[in-house]
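What follows is each chain in one-letter form.
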Amino acid sequence: VEASIPEPQREAWLKNQASGFKGKDQFEKEVVRHVETTLARSMFNCDETAAYAATSLAFRDRLVIEWNRTQQRQTFADSKRVYYLSLEFLMGRALDNAMLNIGEKEVAKSGLSELGFRVEDIIQQEHDAALGNGGLGRLAACFLDSLASLNFPAWGYGLRYRYGIFKQEIIDGYQVEVPDYWLDFNPWEFPRHDVTVDIQFYGNVNKTTDDSGKVTAHWEGGETVRAVAYDVPIPGYATPSTNNLRLWSSQAASGEFDFQKFNSGDYESSVGDQQRAETISAVLYPNDNLDRGKELRLKQQYFWVAASLYDIVRRFKKSKRPWREFPDQVAIQLNDTHPTLAIVELQRILIDLEGLDWDDAWNIVQQTFSYTNHTVLPEALEKWSVGLVQHLLPRHLQIIYDINLFFLQMVERNFPKDREMLSRVSIIEESQPKMVRMAYLAIVGSHKVNGVAELHSDLIRTTIFKDFVTIFGPDKFVNVTNGITPRRWLHQANPGLSSLIASKAGDPEHYLKDLTLLNKIELSVNDPAFRKAWAEVKLANKQRLADYIKSTTGIVVSPKALFDVQVKRIHEYKRQQMNIFGVIFRYLKLKSMSPEERKKVLPRVSIFGGKAAPGYWMAKQIIHLINSVGSVVNNDPDIGDALKVIFLEDYNVSKAEIIIPASDISEHISTAGTEASGTSNMKFVLNGGLIIGTCDGANIEITREIGEENIFLFGNLAEDVDDLRHKNTYGDHKIDPSLDKVFNVIQSGTFGNAQDFQGMVSAVREHGDFYLVSDDFHSYLETQELVDKSYADQELWITKCITSVARMGFFSSDRCINEYAEEIWNVEPLQPDTNNGVGKGE
Ligand code: RUG
């Protein structure tokens, strides 16, 4: 490519290469240039919004240059790439992350200060990119950070929702959903109007036979929608490698709108096609761990995977390699079952469009894909009705049936004695209506399947996917315990702690890339100066949160109190209801004390945050109860500072960055066996907070790493859950006496209309207590008492915190990505200094 450009022109290009700012003076110059030219403002009307815009544009210019070079380098090297397909990327803010990853935050700080701004205020101007619900989407974002930081050639593919997860407002104690229109000003995306793919829906299939007798299927007719690419640069930390996140936006394939209809006066329907097409990428479905089976959701899934695969295949075809080399060049990770149609789509491309034999094509497909399972909850395991798939994607349904037929034939051959196995493992569930089981399709079409924490991976091997382990052998099923990026979740969120750690573990550029270096701080666990500084950092973080609580709720909390935090999606299995029942129990206990006794009690602030899916009635009741308890407790003059209950509205990534570093104890208290991994548990411990939790998900591995003396575990074990549920439904279900007391108080109307909370109470008392709240309540309360006692001994508490942080190195998403690369993708990093960046881009 380089050789094809004539020498003089090449020289002119190279001489004028863009470089972006270097140093403070150039940074300021770039900011002022963007204010004056890009934004058409001046020093007289540059407010913080404009300063944010100009700063972002200056940083974006820097990013783009490395981004182009990285893409050129990757094209030139022509090595294997990873494609991470995720319907959710919960990115949060980009500017602070770009400053830190590029290593220019100090430059920005002093430059902005000279121009009259505080960098912290400018960062706050950015709207979160909230294209996800919770842990699954945030994991995808952490993975992108690690992939770039470790120099892996990797692209993310997702949807560019016009509305991300809704904004939550709390009005009179109830959740109210408000649309999140985040695209007003988004300097971090690049529309690629030249990169489009037309995606087909509906229609019918015709088959033709050629002279040799070969049958080819043709998918014809139907409706076409255009996918337009929007690219987002993903900077690696302390490396020039900058990867690409490609998000697809939908628009009408026929252009703006129907002129014929418009001209004939049919104004309304003239824009109908356009609006219908745009609807596909309009909103993120707000469900976490819940499958709803809506047609638009299936449309979103196909639209996104078809556009992404077209793109991946187009890139591969440029290399002119034979098809059998496709899996040597391409690894596609399916983040949950949402992109499973990609398996069918690739098979379709290979057999219908490229003319490969079924078996050759299927081999390629299986070697290319791998699938991550994130849940064992039955309500979250995706199924689509056969009728809906037939209607929307007629050719895909035929291919699914063929995949199933060949698979079941193989099962029958290998397990002739187990006839029932066929119906158990069939991709088609013979129910009314018939359903396509997406997880089974994902397993059959992939070469590896992974769970996200050890317990979870064991559970999927022994329960929901047991038969598949028998069929394919145990090696197909692996565990990759989740991780988090220490760049955002330590260095960015908690700069005070990060620099204190750096004073012992070496400079951030080292320890943030090899998080096991954290173990060096354990040597200083008894160093008085280090311990003092540690306590000061925590207090400052708590003060920062206390200020935030005051400014958003008006409630004053003391940073000296124990901060007890539970922030995550509201879900019965995560058991925020158990937490608030525990808070009520504490309140009753305080009320029964004399004022003198109460003064001796360690004050506690119970902090909650999280969104409920709009249609999840019970989760909304939980939010309402928390707020109702808060308004009683916080206004009770007997209680004062001894207990405060706070619900922080609209929990999101940027709020997590303020809340997590301020926690003393955080709650990860799901019913054992229900939380696949959890990742906020890792974030809290990494930020010097302890956790109270059940033996579930990654809590177990956290315990193994940090030592059981440093974590507050309680409750029944996963292996006992089935028996307990059986006993609760069919046997003698005795409610824990303390919980009974709490229920009686709720029902007496102390926290408002008892009827409002009846569902939560009767779920435990009358409906079998599926989440085992009563079974675990006693042990929960006892363990909370232990927390109080331990916190009272501050010296021991600080020792626990320092020791825990020192031992958290395992939970870096870098470790996690290296495991995927080695065990699943078979892909190598591409070091940025391996060539001079010659190539054509993309
Ligand atoms: O609920 C799980 C979390 O336990 C896990 O940490 C996270 C990332 O692996 O994924 C969450 N998840 C699972 N979100 N949606 C699902 C099911 O679709």
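That block above? That's the structure.
Report on the accompanying structure.

What counts, and where the lines are drawn
- Residues numbered from 1 in each chain as written.
- Predicted model: local features only at pLDDT ≥ 70, side-chain atom pairs only at ≥ 80, totals over all residues.
- Heavy atoms only, no water.
- Helix = DSSP H or I, 4+ residues; strand = E, 2+ residues; numbered from the N terminus.
- Rg over C-alpha atoms; globule rule 2.2 N^0.38 Å.
- Buried < 20%, exposed > 50% of the residue type's maximum accessible area, 1.4 Å probe, protein only.
- Areas by Shrake-Rupley, 256 points an atom, 1.4 Å probe, with all protein chains shown as cover.
- Lys, Arg positive; Asp, Glu negative; His and termini not counted.
- Charge placed at Lys NZ, Arg CZ, Asp CG, Glu CD.
- Salt bridge = Lys/Arg side-chain N within 4 Å of Asp/Glu carboxyl O.
- 1 Å grid on protein atoms, 1.4 Å probe; cavity = no way out; pocket = protein on both sides within 12 Å on 5 of 7 lines; lining within 4 Å.
- Points joined across faces, edges and corners; volume = space filled by probe spheres on them.
- Nonpolar A, V, L, I, M, F, W, Y, C, P; charged D, E, K, R; others polar.
- Near = heavy atom within 4 Å.
- Polar contact = N/O pair within 3.5 Å; in protein donor to acceptor, adjacent residues only side chain to side chain.
- Domains from an automatic or database assignment.
- Contact = heavy atoms within 4.5 Å.
- Phe/Tyr/Trp six-rings, centres within 6.5 Å; stacked < 30°, edge-to-face > 60°.
- Core = buried A, V, L, I, M, F, W, Y, C linked by side-chain atoms within 4.5 Å.
- Pairing = 2+ DSSP bridges.
- Right-handed = clockwise from strand over helix to strand, strands pointing away.
- Axes fitted to C-alpha atoms, helices over the stretch in contact; angles between N-to-C directions.

## A short note on the overall build of the protein chain
Logical step 1: Secondary structure assignment for the protein chain yields 36 helices and 24 strands.
Logical step 2: Relative to a compact globule of 842 residues, whose C-alpha radius of gyration would be 28 Å, the protein chain shows 28 Å and is just as compact.
Logical step 3: Taken along the three principal axes of its C-alpha coordinates, the protein chain extends 95 × 75 × 65 Å.
Logical step 4: Burial statistics for the protein chain: of 842 residues in total, 60% are counted as buried.
Logical step 5: Carbon together with sulfur atoms contributes 51% to the accessible area of the protein chain, which is approximately 33,500 Å² in total.
Logical step 6: Computed over 91 positive and 115 negative side-chain charges, the separation of the two mean positions in the protein chain equals 2 Å.

## What about the pattern of salt bridges?
Logical step 1: Inspection of the entire model under this criterion finds 59 salt bridges.
Logical step 2: Salt-bridge contacts for R461 lead to D458; the nearest nitrogen and oxygen are separated by 2.9 Å. Linking R461 with D458, this pair stays in helix α19 (residues 454–462), spanning three residues, or about one helical turn.
Logical step 3: On the basis of relative accessibility, which here comes to 40%, the residue D458 falls in the partly exposed class.
Logical step 4: Notably, a salt bridge pairs D527 with K504, separated by 3.6 Å at the nearest N-O pair. Of the two residues, D527 sits in the loop between α23 (508–511) and α24 (528–553) while K504 sits in helix α22 (residues 495–505), which places them 23 residues apart along the sequence.
Logical step 5: Classification of K504 by relative accessible area gives partly exposed; the value is 31%.
Logical step 6: Through salt bridges with shared partners, a single network forms among R192, D231, R246, D311, R314 and R315.

## A short note on unusual backbone geometry
Logical step 1: The linkage connecting Q432 with the following residue, P433, adopts the cis geometry, with an omega of -5 degrees.
Logical step 2: Following the sequence through the fold, P433 ends up in the loop between β15 (428–429) and β16 (435–437).
Logical step 3: You will see that N151, though not glycine, has its phi angle at about 65 degrees, which is positive.
Logical step 4: As for its position among the elements, N151 is in the loop between α7 (135–149) and β4 (154–159).
Logical step 5: Looking at N151, the relative accessible area reads 8%, which means it is buried.

## Observations regarding empty space enclosed by the protein
Logical step 1: For the structure shown, the criterion picks out four cavities of 30 Å³ or more.
Logical step 2: Put simply, the second largest cavity is a space of about 80 Å³.
Logical step 3: Surrounding the second largest cavity, 14 residues form its lining, K568, H668, I669, S670 and E675 being those nearest its centre.
Logical step 4: Taken together, the residues of the lining of the second largest cavity sort by class into one nonpolar, nine polar and four charged.

## Considerations on the environment of E822
Logical step 1: Inspection of the secondary structure assignment puts E822 in helix α36 (residues 813–825).
Logical step 2: The sequence separation of E822 and S654 amounts to 168 residues, and the corresponding C-alpha distance is 32 Å.

## With respect to the site of the ligand
Logical step 1: Inspection of the region around the ligand gives 15 residues, with D336, H374, N482, E675 and G678 positioned closest.
Logical step 2: For the ligand, an oxygen atom lies 2.9 Å from a polar atom in the side chain of N289.
Logical step 3: Separating an oxygen atom of the ligand from a side-chain N or O atom of N482 is a distance of 2.9 Å.
Logical step 4: The fraction of the free accessible surface of the ligand (410 Å²) that becomes covered by protein chains is 95%.
Logical step 5: Its residues placed into classes, the shell around the ligand shows five nonpolar, seven polar and three charged.
Logical step 6: The residues that make up the shell around the ligand include at least three from each of domain 1 (78–93 + 128–479) and domain 2 (496–811).

## Comments concerning α19
Logical step 1: Within the sequence span of α19, burial applies to L455, H456, S457, L459 and I460.
Logical step 2: For α19, the secondary structure elements touched by its buried residues are β17 (448–451), α20 (466–472), β18 (477–479), α30 (699–706) and α31 (718–730).

## Some details on the side chain of R93
Logical step 1: Here R93 shows up in the loop between β2 (89–92) and α4 (95–102).
Logical step 2: In terms of polar contacts, R93 uses its side chain to reach the backbone carbonyl oxygen of E126, at 2.8 Å.
Logical step 3: Dropping the residues within four chain positions of it, R93 is found in contact with I123, Q124, E126, D128, R488 and S654.

## Side note on the packing of aromatic side chains
Logical step 1: According to the stated counting rule, one finds 32 aromatic pairs in the structure shown.
Logical step 2: Relative to W362, the ring of W358 lies with its centre 6.4 Å away and its plane at 25 degrees, an arrangement referred to as stacked. Linking W358 with W362, this pair stays in helix α14 (residues 358–368), spanning four residues, or about one helical turn. For the residue pair W358 and W362, the accessibility class agrees, reading buried in each case.

## A short note on the nonpolar core
Logical step 1: Counting residues in each nonpolar core, the largest one holds 236 residues, and the members touching the most others are F201, W248, W534, L545, F581, I746 and W825.
Logical step 2: Broken down by element, this core gets its largest block of residues, eleven residues, from helix α11 (residues 295–318).
Logical step 3: Structurally, this core is a two-domain feature, drawing no fewer than three residues from each of domain 1 (78–93 + 128–479) and domain 2 (496–811).
Logical step 4: Of all hydrophobic cores here, the second largest spans 23 residues; its members include V35, L63, A108 and I123.

## Looking at the pairing of strand β10 (residues 223–235)
Logical step 1: Buried residues dominate β10, accounting for ten of its 13 residues.
Logical step 2: Where strand β7 (residues 190–201) and β10 come together, nine bridges link them in antiparallel fashion. Paired with T196 across the two strands is V228, which belongs to β10.
Logical step 3: In this sheet, strand β11 (residues 242–252) lies alongside β10 in antiparallel orientation, the contact comprising eleven bridges. Across the sheet, P233 pairs through a bridge with N244, a residue of β11.
Logical step 4: Between the end of β10 and the start of β11, which pair antiparallel, lie six residues, with A238 showing a positive phi angle near 55 degrees.

## As for the pairing of strand β23 (residues 690–694)
Logical step 1: Along β23, five of the five residues are buried, which leaves the element largely enclosed by surrounding structure.
Logical step 2: Crossover handedness for the path strand β22 (residues 665–668) to helix α29 (residues 680–686) to β23: right-handed.
Logical step 3: In this fold, the crossover linking β23 to strand β24 (residues 712–714) by way of α30 has right-handed handedness.

## A word on the sheet that holds strand β21 (residues 643–648)
Logical step 1: Strands sit in the order β21-β20-β19-β22-β23-β24 across an open sheet of six strands; the sheet is parallel. The strands lining the two open edges of the sheet, one partner per strand, are β21 and β24. Adjacent strand axes in the sheet meet at a mean angle of 20 degrees, parallel and antiparallel pairs treated alike.
Logical step 2: Relative to β23, β22 is paired through four bridges, and the arrangement is parallel.

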